[in-house]
Amino acid sequence: MPPKRFPTHQFTEGSGRLPRLDTDFVHEGLVDGQRAQHWQGPRRWWGGPLDVEGLALAATELCVAAINKLIDVEGMYSVDAHGVAQVFASSEHLSVDGRQIPSFGVNSRFFRTRDGWIRTHANYEHHQRALHRAINFEPSENLSKYLLTRSAEDAAADITEHGGIAASVRSRVQWNNTEMGKCASRGPWADFTMSEVTQGRLWTYSDDPVKPLRGLRTLAMWGAEVLRVDPPHMPELSGQYIVTGFGKKSIEADLREAHQLSEVHNLLAGADVVLLGYRPRALEPFGLNAHLLREKYPNLIIGELCAWGYEGPYAFNRGFDSIVQAASGIAEIYQDVRGEPGALPVQALDHSVGYGLAAAIIALADARRVQRRTGHVRFSLARTAASLLDLPVTKAPLEPLRKPILRTMSSTFGTLSYVPPPFRALGTAMDYLSPPPAYGANAPVWS
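Residues numbered from 1 in each chain as written. Predicted model: local features only at pLDDT ≥ 70, side-chain atom pairs only at ≥ 80, totals over all residues. Heavy atoms only, no water.

Visitor: Just to check I follow, could you spell out the overall build of the protein for this structure?
Guide: Along the backbone of the protein there are 16 helices and 19 strands. At 22 Å, the protein has a C-alpha radius of gyration in line with the 22 Å of a compact globule built from 447 residues. Once the C-alpha set of the protein is aligned to its principal axes, its extents read approximately 70 × 55 × 45 Å. Buried residues in the protein amount to 55% of all 447 residues. Taking all contacts inside the protein whose residues are at least 6 apart in sequence as the whole, residues at least 24 apart take part in 73%. (Helix = DSSP H or I, 4+ residues; strand = E, 2+ residues; numbered from the N terminus. Rg over C-alpha atoms; globule rule 2.2 N^0.38 Å. Buried < 20%, exposed > 50% of the residue type's maximum accessible area, 1.4 Å probe, protein only. Contact = heavy atoms within 4.5 Å.)

Visitor: Help me understand the sheet that holds strand 7 (residues 110-112), please; the structure alone is not making it clear to me.
Guide: Think of a sheet as strands paired side by side through backbone hydrogen bonds, with each pair either parallel or antiparallel. Reading across from one edge, 7-8-9 is the order of the 3 strands in this open sheet, with antiparallel pairing throughout. One side of each edge strand has no neighbouring strand; the edge strands of this open sheet are strand 7 and strand 9 (166-168). Here the average twist between neighbouring strands, direction ignored, is 25 degrees. Summarising the sheet, strand 8 (residues 117-120) and strand 9 pair through 3 bridges and their orientation is antiparallel. Bridge assignment links Arg119 to a residue of strand 9, and that residue is Ala167. Against the sheet, helix 7 (residues 152-161) touches strand 8 and strand 9, its axis set at about 160 degrees to strand 9. (Pairing = 2+ DSSP bridges. Axes fitted to C-alpha atoms, helices over the stretch in contact; angles between N-to-C directions.)

Visitor: Hey, could you run me through the environment of Val273 in this one?
Guide: You can see Val273 is positioned in strand 13 (residues 273-276). Taking C-alpha positions, Val273 is 16 Å from Tyr355, a pair spaced 82 residues apart along the chain.

Visitor: What is the right way to read the sheet that holds strand 4 (residues 77-80) from this model?
Guide: Spatially, the 4 strands line up as an open sheet ordered 2-4-18-19, and their pairing is mixed. Edge positions in the open sheet fall to strand 2 (39-40) and strand 19 (428-429), since each of these has one partner strand only. Relative to strand 4, strand 2 is paired through 2 bridges, and the arrangement is parallel. Directly across from Trp39, in strand 4, lies its bridge partner Val79.

Visitor: Which parts of the structure should I look at to understand the pattern of salt bridges?
Guide: Oppositely charged side chains may form a pair once their charged atoms are brought near each other. Across all of its chains, the model carries 23 salt bridges by this definition. In this structure, Asp80 engages Arg402 in a salt bridge whose closest nitrogen and oxygen atoms are separated by 2.4 Å. Of the two residues, Asp80 sits in strand 4 while Arg402 sits in the loop between helix 16 (381-390) and strand 16 (407-411), which places them 322 residues apart along the sequence. Residues Arg424 and Asp80 are paired through a salt bridge, measuring 3.8 Å at the closest nitrogen-oxygen approach. One end of the pair, Arg424, is in strand 18 (residues 423-425); the other, Asp80, is in strand 4, and 344 residues separate them in sequence. (Salt bridge = Lys/Arg side-chain N within 4 Å of Asp/Glu carboxyl O.)

Visitor: I tried to follow the packing of aromatic side chains on my own but got confused; where do I start?
Guide: How two aromatic rings sit relative to each other is set out by the distance from centre to centre and by the angle between their planes. Under the definition given, this model contains 16 aromatic pairs. Pairing Tyr241 with Tyr439 gives two aromatic rings, centres 5.0 Å apart and planes at 80 degrees, and the pair type is edge-to-face. Taken as a pair, Tyr241 in helix 10 (residues 238-244) and Tyr439 in the segment after strand 19 lie far apart in primary sequence, 198 residues in all. Classification of Tyr241 by relative accessible area gives buried; the value is 3%. Judged by its relative accessible area of 25%, Tyr439 is partly exposed. Residues Phe246 and Tyr432 carry aromatic rings whose centres are separated by 4.8 Å and whose planes lie at 15 degrees to one another, so their mutual orientation is stacked. With a gap of 186 residues between them, Phe246 in the loop between helix 10 and strand 12 (249-252) and Tyr432 in the segment after strand 19 connect regions that are remote in the sequence. When its relative accessible area of 5% is taken as the criterion, Phe246 is described as buried. Members of the aromatic cluster, joined through ring pairs, are Tyr77, Phe88, Trp222, Tyr355 and Phe423. Across from the ring centre of Phe110, 4.7 Å away, lies the NZ or CZ of Arg119, which sits over that ring. (Phe/Tyr/Trp six-rings, centres within 6.5 Å; stacked < 30°, edge-to-face > 60°. Lys NZ or Arg CZ within 6 Å of the ring centre and 35° of its normal.)

What follows is the structure in C-alpha coordinates.
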(Lines give C-alpha, C1' and ligand atoms only; values in the text may rest on other atoms or scores of the structure.)
Protein backbone atom coordinates (compact mmCIF):
# COMPACT_ATOMS: atom_id res chain seq x y z
CA MET A 1 0.00 0.00 0.00
CA PRO A 2 1.62 3.34 -1.02
CA PRO A 3 2.22 5.95 1.71
CA LYS A 4 -0.34 8.63 2.29
CA ARG A 5 0.74 11.99 0.91
CA PHE A 6 -0.20 15.47 2.04
CA PRO A 7 -0.74 18.22 -0.53
CA THR A 8 2.55 19.77 -1.61
CA HIS A 9 1.57 23.22 -0.32
CA GLN A 10 1.88 21.90 3.24
CA PHE A 11 5.65 21.68 2.99
CA THR A 12 8.36 23.15 0.82
CA GLU A 13 11.83 21.95 -0.03
CA GLY A 14 14.78 24.21 0.60
CA SER A 15 16.84 25.51 -2.28
CA GLY A 16 19.63 23.10 -3.20
CA ARG A 17 20.03 19.44 -2.40
CA LEU A 18 21.46 18.26 0.87
CA PRO A 19 24.52 16.05 1.29
CA ARG A 20 23.79 12.33 1.41
CA LEU A 21 24.25 10.98 4.93
CA ASP A 22 21.69 8.23 4.32
CA THR A 23 23.81 5.82 2.28
CA ASP A 24 24.15 3.31 5.11
CA PHE A 25 20.43 3.60 5.95
CA VAL A 26 19.47 2.98 2.32
CA HIS A 27 21.85 0.03 2.04
CA GLU A 28 20.10 -1.67 4.98
CA GLY A 29 16.62 -0.92 3.58
CA LEU A 30 15.84 1.45 6.46
CA VAL A 31 14.95 4.58 4.45
CA ASP A 32 14.06 5.26 0.82
CA GLY A 33 16.99 6.72 -1.07
CA GLN A 34 14.61 8.23 -3.67
CA ARG A 35 12.46 10.08 -1.14
CA ALA A 36 11.73 13.80 -1.25
CA GLN A 37 13.75 15.73 1.32
CA HIS A 38 11.29 17.64 3.47
CA TRP A 39 12.96 20.77 4.73
CA GLN A 40 12.42 24.49 4.41
CA GLY A 41 14.43 27.66 4.87
CA PRO A 42 17.92 28.78 3.90
CA ARG A 43 20.57 26.31 2.75
CA ARG A 44 23.53 28.35 4.02
CA TRP A 45 23.74 30.87 6.86
CA TRP A 46 26.95 30.48 8.91
CA GLY A 47 29.29 30.59 5.93
CA GLY A 48 32.86 29.48 6.34
CA PRO A 49 35.14 26.99 4.60
CA LEU A 50 33.13 23.82 5.43
CA ASP A 51 29.50 22.91 4.70
CA VAL A 52 28.43 22.76 8.34
CA GLU A 53 24.90 23.69 7.35
CA GLY A 54 24.71 20.76 4.96
CA LEU A 55 25.84 18.34 7.66
CA ALA A 56 23.30 19.76 10.13
CA LEU A 57 20.40 19.75 7.68
CA ALA A 58 21.19 16.27 6.35
CA ALA A 59 21.34 14.78 9.87
CA THR A 60 18.04 16.32 10.97
CA GLU A 61 16.38 15.45 7.64
CA LEU A 62 17.26 11.81 8.28
CA CYS A 63 15.13 11.97 11.42
CA VAL A 64 12.05 13.12 9.56
CA ALA A 65 12.72 10.59 6.79
CA ALA A 66 12.72 7.82 9.39
CA ILE A 67 9.65 9.03 11.29
CA ASN A 68 7.66 9.68 8.09
CA LYS A 69 8.45 6.16 6.93
CA LEU A 70 7.44 4.73 10.29
CA ILE A 71 4.02 6.41 10.26
CA ASP A 72 3.66 5.85 6.49
CA VAL A 73 2.80 9.50 5.87
CA GLU A 74 5.22 11.27 3.56
CA GLY A 75 5.64 14.93 4.49
CA MET A 76 3.94 14.73 7.89
CA TYR A 77 7.15 15.94 9.49
CA SER A 78 9.67 18.39 8.03
CA VAL A 79 12.80 20.25 9.07
CA ASP A 80 12.93 24.01 9.65
CA ALA A 81 16.41 25.24 8.70
CA HIS A 82 16.15 28.27 11.01
CA GLY A 83 15.32 25.88 13.84
CA VAL A 84 18.32 23.71 12.95
CA ALA A 85 20.65 26.70 13.24
CA GLN A 86 19.19 27.54 16.64
CA VAL A 87 19.08 24.02 18.09
CA PHE A 88 22.70 23.36 17.08
CA ALA A 89 23.52 26.35 19.33
CA SER A 90 20.97 25.39 22.00
CA SER A 91 23.41 25.66 24.92
CA GLU A 92 24.07 29.29 24.05
CA HIS A 93 20.35 30.11 24.09
CA LEU A 94 19.43 28.25 27.30
CA SER A 95 18.70 30.32 30.39
CA VAL A 96 17.25 29.50 33.81
CA ASP A 97 15.27 32.32 35.46
CA GLY A 98 16.94 34.68 33.01
CA ARG A 99 20.50 33.53 33.78
CA GLN A 100 22.65 31.81 31.18
CA ILE A 101 24.75 28.80 32.15
CA PRO A 102 28.39 28.85 30.94
CA SER A 103 29.16 26.11 28.42
CA PHE A 104 32.95 25.88 28.72
CA GLY A 105 35.35 25.95 31.65
CA VAL A 106 38.30 28.35 31.81
CA ASN A 107 40.74 25.56 30.92
CA SER A 108 38.70 24.26 28.00
CA ARG A 109 40.39 26.11 25.16
CA PHE A 110 43.41 26.34 22.89
CA PHE A 111 46.87 26.80 24.41
CA ARG A 112 50.05 27.67 22.57
CA THR A 113 52.88 25.21 23.14
CA ARG A 114 56.58 25.29 22.34
CA ASP A 115 55.97 24.00 18.82
CA GLY A 116 52.29 24.53 18.09
CA TRP A 117 48.92 24.34 19.83
CA ILE A 118 46.85 21.97 21.91
CA ARG A 119 43.16 22.00 22.77
CA THR A 120 42.11 20.93 26.26
CA HIS A 121 38.71 20.00 27.66
CA ALA A 122 38.17 20.47 31.39
CA ASN A 123 34.50 21.30 31.83
CA TYR A 124 34.00 18.45 34.28
CA GLU A 125 35.69 18.52 37.68
CA HIS A 126 37.25 15.07 37.23
CA HIS A 127 38.79 16.15 33.93
CA GLN A 128 40.07 19.35 35.52
CA ARG A 129 41.72 17.31 38.27
CA ALA A 130 43.27 15.02 35.68
CA LEU A 131 44.68 18.04 33.85
CA HIS A 132 46.32 19.23 37.06
CA ARG A 133 47.74 15.79 37.82
CA ALA A 134 49.15 15.36 34.33
CA ILE A 135 51.28 18.50 34.28
CA ASN A 136 51.81 19.09 38.02
CA PHE A 137 49.83 22.25 37.66
CA GLU A 138 48.08 24.02 40.52
CA PRO A 139 44.97 26.12 39.86
CA SER A 140 46.76 29.27 40.99
CA GLU A 141 49.58 28.86 38.46
CA ASN A 142 49.68 30.20 34.93
CA LEU A 143 48.85 27.23 32.72
CA SER A 144 49.52 29.18 29.53
CA LYS A 145 53.13 29.93 30.53
CA TYR A 146 53.76 26.35 31.57
CA LEU A 147 52.50 24.85 28.28
CA LEU A 148 54.82 27.13 26.31
CA THR A 149 57.66 24.98 27.67
CA ARG A 150 56.16 21.71 26.35
CA SER A 151 55.73 20.23 22.90
CA ALA A 152 52.12 19.85 21.80
CA GLU A 153 52.36 16.09 21.33
CA ASP A 154 54.03 15.47 24.69
CA ALA A 155 51.64 17.71 26.62
CA ALA A 156 48.54 16.14 25.01
CA ALA A 157 49.91 12.63 25.60
CA ASP A 158 50.62 13.34 29.29
CA ILE A 159 47.15 14.79 29.86
CA THR A 160 45.49 11.83 28.12
CA GLU A 161 47.57 9.30 30.04
CA HIS A 162 46.41 10.79 33.35
CA GLY A 163 42.71 10.58 32.41
CA GLY A 164 42.41 14.12 31.07
CA ILE A 165 41.33 15.25 27.64
CA ALA A 166 43.53 17.07 25.14
CA ALA A 167 44.70 16.86 21.55
CA SER A 168 47.43 18.55 19.59
CA VAL A 169 46.16 20.76 16.78
CA ARG A 170 46.93 19.18 13.41
CA SER A 171 46.29 20.05 9.80
CA ARG A 172 44.02 17.75 7.84
CA VAL A 173 47.01 16.34 5.96
CA GLN A 174 48.84 15.64 9.21
CA TRP A 175 45.76 13.93 10.65
CA ASN A 176 45.18 11.82 7.56
CA ASN A 177 48.78 10.63 7.73
CA THR A 178 48.38 9.31 11.29
CA GLU A 179 47.13 5.79 11.95
CA MET A 180 44.19 7.22 13.89
CA GLY A 181 43.27 9.56 11.06
CA LYS A 182 43.29 6.66 8.60
CA CYS A 183 41.10 4.56 10.91
CA ALA A 184 38.67 7.43 11.50
CA SER A 185 37.98 7.91 7.80
CA ARG A 186 37.32 4.23 7.11
CA GLY A 187 33.96 2.53 7.21
CA PRO A 188 30.42 3.87 7.18
CA TRP A 189 29.16 6.94 9.00
CA ALA A 190 26.32 4.86 10.48
CA ASP A 191 27.73 1.39 11.05
CA PHE A 192 24.78 -1.06 11.17
CA THR A 193 24.82 -4.72 12.15
CA MET A 194 21.45 -6.39 11.63
CA SER A 195 19.98 -9.63 13.00
CA GLU A 196 16.65 -11.44 13.05
CA VAL A 197 14.31 -10.90 16.02
CA THR A 198 13.40 -13.75 18.32
CA GLN A 199 10.31 -14.40 20.40
CA GLY A 200 9.59 -11.98 23.21
CA ARG A 201 8.14 -8.56 23.95
CA LEU A 202 8.20 -6.19 20.99
CA TRP A 203 7.04 -2.61 20.74
CA THR A 204 3.59 -2.03 19.23
CA TYR A 205 3.29 1.00 16.97
CA SER A 206 1.10 3.86 18.17
CA ASP A 207 -1.45 5.23 15.67
CA ASP A 208 -1.17 8.70 17.22
CA PRO A 209 0.61 10.70 14.47
CA VAL A 210 1.77 13.34 16.98
CA LYS A 211 3.28 10.76 19.35
CA PRO A 212 4.05 7.81 17.05
CA LEU A 213 6.76 6.49 19.38
CA ARG A 214 4.48 6.28 22.42
CA GLY A 215 5.29 3.04 24.16
CA LEU A 216 8.77 2.88 22.64
CA ARG A 217 11.39 3.44 25.27
CA THR A 218 13.52 6.03 23.48
CA LEU A 219 13.14 9.45 21.78
CA ALA A 220 11.00 11.51 24.13
CA MET A 221 10.06 14.23 21.64
CA TRP A 222 7.77 11.89 19.72
CA GLY A 223 6.17 10.40 22.82
CA ALA A 224 8.68 7.71 23.78
CA GLU A 225 9.67 6.90 27.36
CA VAL A 226 13.36 7.72 27.82
CA LEU A 227 15.28 6.98 31.00
CA ARG A 228 18.72 8.56 31.37
CA VAL A 229 21.21 6.78 33.65
CA ASP A 230 24.17 8.64 35.18
CA PRO A 231 26.86 7.65 37.70
CA PRO A 232 26.48 9.52 41.03
CA HIS A 233 30.24 10.05 41.37
CA MET A 234 30.51 11.82 37.98
CA PRO A 235 27.47 14.10 37.72
CA GLU A 236 26.51 15.77 34.47
CA LEU A 237 26.99 19.52 34.10
CA SER A 238 23.75 21.29 34.95
CA GLY A 239 23.42 23.19 31.69
CA GLN A 240 24.23 20.12 29.61
CA TYR A 241 21.73 18.06 31.58
CA ILE A 242 18.95 20.60 31.20
CA VAL A 243 19.41 21.25 27.48
CA THR A 244 19.39 17.52 26.68
CA GLY A 245 16.87 16.40 29.31
CA PHE A 246 13.49 17.60 28.03
CA GLY A 247 10.88 14.85 28.16
CA LYS A 248 13.21 12.31 29.75
CA LYS A 249 13.40 10.61 33.13
CA SER A 250 16.60 10.60 35.17
CA ILE A 251 18.13 8.08 37.53
CA GLU A 252 21.54 7.65 39.13
CA ALA A 253 23.14 4.21 39.27
CA ASP A 254 26.55 3.25 40.55
CA LEU A 255 27.31 0.21 38.43
CA ARG A 256 30.06 -0.81 40.84
CA GLU A 257 27.32 -1.68 43.35
CA ALA A 258 25.82 -5.11 42.59
CA HIS A 259 22.22 -4.24 43.44
CA GLN A 260 22.28 -1.06 41.33
CA LEU A 261 23.81 -2.90 38.40
CA SER A 262 21.05 -5.50 38.80
CA GLU A 263 18.45 -2.71 38.63
CA VAL A 264 19.94 -1.49 35.35
CA HIS A 265 19.80 -5.00 33.88
CA ASN A 266 16.18 -5.27 35.02
CA LEU A 267 15.49 -2.11 33.05
CA LEU A 268 17.25 -3.56 30.01
CA ALA A 269 15.07 -6.66 30.17
CA GLY A 270 12.04 -4.43 29.55
CA ALA A 271 13.69 -1.94 27.19
CA ASP A 272 13.34 -1.55 23.44
CA VAL A 273 16.53 0.44 22.97
CA VAL A 274 19.76 1.12 24.84
CA LEU A 275 22.10 3.98 23.94
CA LEU A 276 25.70 3.73 25.13
CA GLY A 277 27.53 7.04 25.21
CA TYR A 278 30.83 5.93 26.74
CA ARG A 279 34.12 5.13 25.04
CA PRO A 280 34.59 1.51 23.91
CA ARG A 281 35.24 -1.02 26.70
CA ALA A 282 34.37 1.47 29.48
CA LEU A 283 31.17 -0.43 30.35
CA GLU A 284 32.47 -3.91 29.53
CA PRO A 285 33.05 -4.93 33.20
CA PHE A 286 29.32 -4.42 33.83
CA GLY A 287 28.10 -6.60 30.96
CA LEU A 288 27.11 -3.55 28.95
CA ASN A 289 29.06 -3.88 25.74
CA ALA A 290 27.16 -4.53 22.51
CA HIS A 291 28.16 -8.20 22.17
CA LEU A 292 27.09 -9.14 25.70
CA LEU A 293 23.87 -7.13 25.41
CA ARG A 294 22.95 -8.85 22.15
CA GLU A 295 23.46 -12.28 23.75
CA LYS A 296 21.38 -11.45 26.82
CA TYR A 297 18.68 -9.30 25.17
CA PRO A 298 18.43 -10.54 21.56
CA ASN A 299 15.64 -8.18 20.47
CA LEU A 300 17.22 -5.05 21.96
CA ILE A 301 18.11 -2.20 19.60
CA ILE A 302 21.61 -1.01 20.51
CA GLY A 303 23.05 2.39 19.68
CA GLU A 304 26.62 3.43 20.42
CA LEU A 305 28.47 6.70 20.05
CA CYS A 306 32.02 7.62 21.01
CA ALA A 307 34.63 10.22 20.17
CA TRP A 308 37.34 8.46 18.18
CA GLY A 309 35.73 5.37 16.65
CA TYR A 310 36.14 1.70 17.40
CA GLU A 311 39.61 0.94 16.11
CA GLY A 312 42.97 2.68 16.04
CA PRO A 313 45.32 4.10 18.70
CA TYR A 314 42.80 6.65 20.07
CA ALA A 315 39.79 4.32 20.08
CA PHE A 316 39.70 3.90 23.85
CA ASN A 317 40.53 7.53 24.68
CA ARG A 318 38.10 10.07 26.06
CA GLY A 319 37.10 12.86 23.73
CA PHE A 320 34.63 15.61 22.89
CA ASP A 321 33.54 17.55 19.84
CA SER A 322 36.06 20.37 20.31
CA ILE A 323 38.93 17.91 20.81
CA VAL A 324 38.10 15.96 17.64
CA GLN A 325 37.92 19.25 15.73
CA ALA A 326 41.42 20.10 16.92
CA ALA A 327 42.94 16.72 16.05
CA SER A 328 41.27 16.21 12.68
CA GLY A 329 42.26 19.45 10.96
CA ILE A 330 39.04 21.41 11.43
CA ALA A 331 40.55 23.82 13.97
CA GLU A 332 43.43 24.55 11.58
CA ILE A 333 41.00 25.18 8.70
CA TYR A 334 39.13 27.70 10.88
CA GLN A 335 42.25 29.53 12.07
CA ASP A 336 42.13 33.32 12.23
CA VAL A 337 44.33 35.83 10.39
CA ARG A 338 46.95 35.56 13.16
CA GLY A 339 47.21 31.80 12.66
CA GLU A 340 45.45 30.90 15.91
CA PRO A 341 43.26 27.78 15.58
CA GLY A 342 39.50 28.19 15.53
CA ALA A 343 36.35 26.12 15.73
CA LEU A 344 33.13 25.41 13.90
CA PRO A 345 30.37 27.94 14.60
CA VAL A 346 28.57 25.27 16.68
CA GLN A 347 29.32 21.84 18.14
CA ALA A 348 28.19 20.34 14.85
CA LEU A 349 29.81 16.93 15.28
CA ASP A 350 27.96 16.32 18.56
CA HIS A 351 24.59 17.42 17.25
CA SER A 352 24.86 15.65 13.89
CA VAL A 353 25.78 12.37 15.55
CA GLY A 354 22.86 12.82 17.96
CA TYR A 355 20.34 13.29 15.17
CA GLY A 356 21.89 10.52 13.12
CA LEU A 357 21.60 8.19 16.09
CA ALA A 358 17.97 9.22 16.65
CA ALA A 359 17.20 8.55 12.99
CA ALA A 360 18.85 5.14 13.23
CA ILE A 361 16.86 4.19 16.32
CA ILE A 362 13.56 5.19 14.69
CA ALA A 363 14.47 3.29 11.53
CA LEU A 364 15.53 0.20 13.50
CA ALA A 365 12.32 0.30 15.53
CA ASP A 366 10.36 0.31 12.27
CA ALA A 367 12.48 -2.54 10.87
CA ARG A 368 11.95 -4.60 14.00
CA ARG A 369 8.19 -4.10 13.75
CA VAL A 370 7.79 -4.56 9.98
CA GLN A 371 10.75 -6.65 8.83
CA ARG A 372 11.29 -8.63 12.04
CA ARG A 373 14.91 -7.43 12.12
CA THR A 374 16.70 -5.73 14.98
CA GLY A 375 20.06 -4.05 14.91
CA HIS A 376 23.10 -2.43 16.42
CA VAL A 377 24.41 0.91 15.12
CA ARG A 378 27.63 2.76 15.91
CA PHE A 379 28.62 6.39 15.34
CA SER A 380 31.71 8.40 16.21
CA LEU A 381 32.64 12.05 16.23
CA ALA A 382 35.87 11.34 14.33
CA ARG A 383 34.03 9.60 11.49
CA THR A 384 31.56 12.52 11.40
CA ALA A 385 34.47 14.96 11.16
CA ALA A 386 35.75 12.96 8.17
CA SER A 387 32.30 13.19 6.55
CA LEU A 388 32.19 16.95 7.08
CA LEU A 389 35.71 17.43 5.69
CA ASP A 390 34.77 15.40 2.60
CA LEU A 391 31.66 17.43 1.78
CA PRO A 392 31.93 19.67 -1.28
CA VAL A 393 31.62 23.39 -0.64
CA THR A 394 28.05 24.47 -1.30
CA LYS A 395 27.34 27.18 -3.86
CA ALA A 396 24.14 28.20 -2.09
CA PRO A 397 23.94 31.92 -1.29
CA LEU A 398 24.52 33.11 2.27
CA GLU A 399 21.14 34.04 3.79
CA PRO A 400 20.27 35.73 7.09
CA LEU A 401 18.66 33.81 9.93
CA ARG A 402 15.52 34.98 11.64
CA LYS A 403 15.72 36.01 15.28
CA PRO A 404 15.69 32.90 17.53
CA ILE A 405 12.20 31.90 18.66
CA LEU A 406 12.58 30.75 22.25
CA ARG A 407 10.03 28.91 24.36
CA THR A 408 9.59 29.00 28.13
CA MET A 409 8.68 26.14 30.45
CA SER A 410 8.48 25.84 34.22
CA SER A 411 10.71 23.24 35.83
CA THR A 412 12.26 22.23 39.14
CA PHE A 413 15.29 24.30 38.11
CA GLY A 414 13.22 27.45 37.52
CA THR A 415 11.73 28.98 34.40
CA LEU A 416 13.58 27.65 31.38
CA SER A 417 14.02 29.67 28.20
CA TYR A 418 15.12 27.32 25.45
CA VAL A 419 15.25 26.50 21.76
CA PRO A 420 12.47 24.12 20.64
CA PRO A 421 13.10 21.16 18.33
CA PRO A 422 13.84 21.95 14.66
CA PHE A 423 10.90 19.89 13.38
CA ARG A 424 7.43 20.76 12.13
CA ALA A 425 4.35 18.57 12.06
CA LEU A 426 2.16 19.57 9.09
CA GLY A 427 3.88 22.95 9.14
CA THR A 428 3.36 23.57 12.87
CA ALA A 429 6.45 23.92 15.05
CA MET A 430 6.90 21.14 17.58
CA ASP A 431 7.81 21.45 21.24
CA TYR A 432 9.02 19.15 23.98
CA LEU A 433 6.36 17.33 25.98
CA SER A 434 7.75 18.07 29.45
CA PRO A 435 10.69 19.78 31.18
CA PRO A 436 13.79 17.98 32.41
CA PRO A 437 13.13 16.36 35.80
CA ALA A 438 15.30 17.00 38.83
CA TYR A 439 18.62 15.23 38.41
CA GLY A 440 18.37 11.58 39.46
CA ALA A 441 14.80 12.09 40.68
CA ASN A 442 13.11 9.11 39.07
CA ALA A 443 12.78 5.50 40.17
CA PRO A 444 14.56 2.81 38.09
CA VAL A 445 11.32 1.42 36.64
CA TRP A 446 9.38 1.71 33.41
CA SER A 447 5.87 3.14 33.44
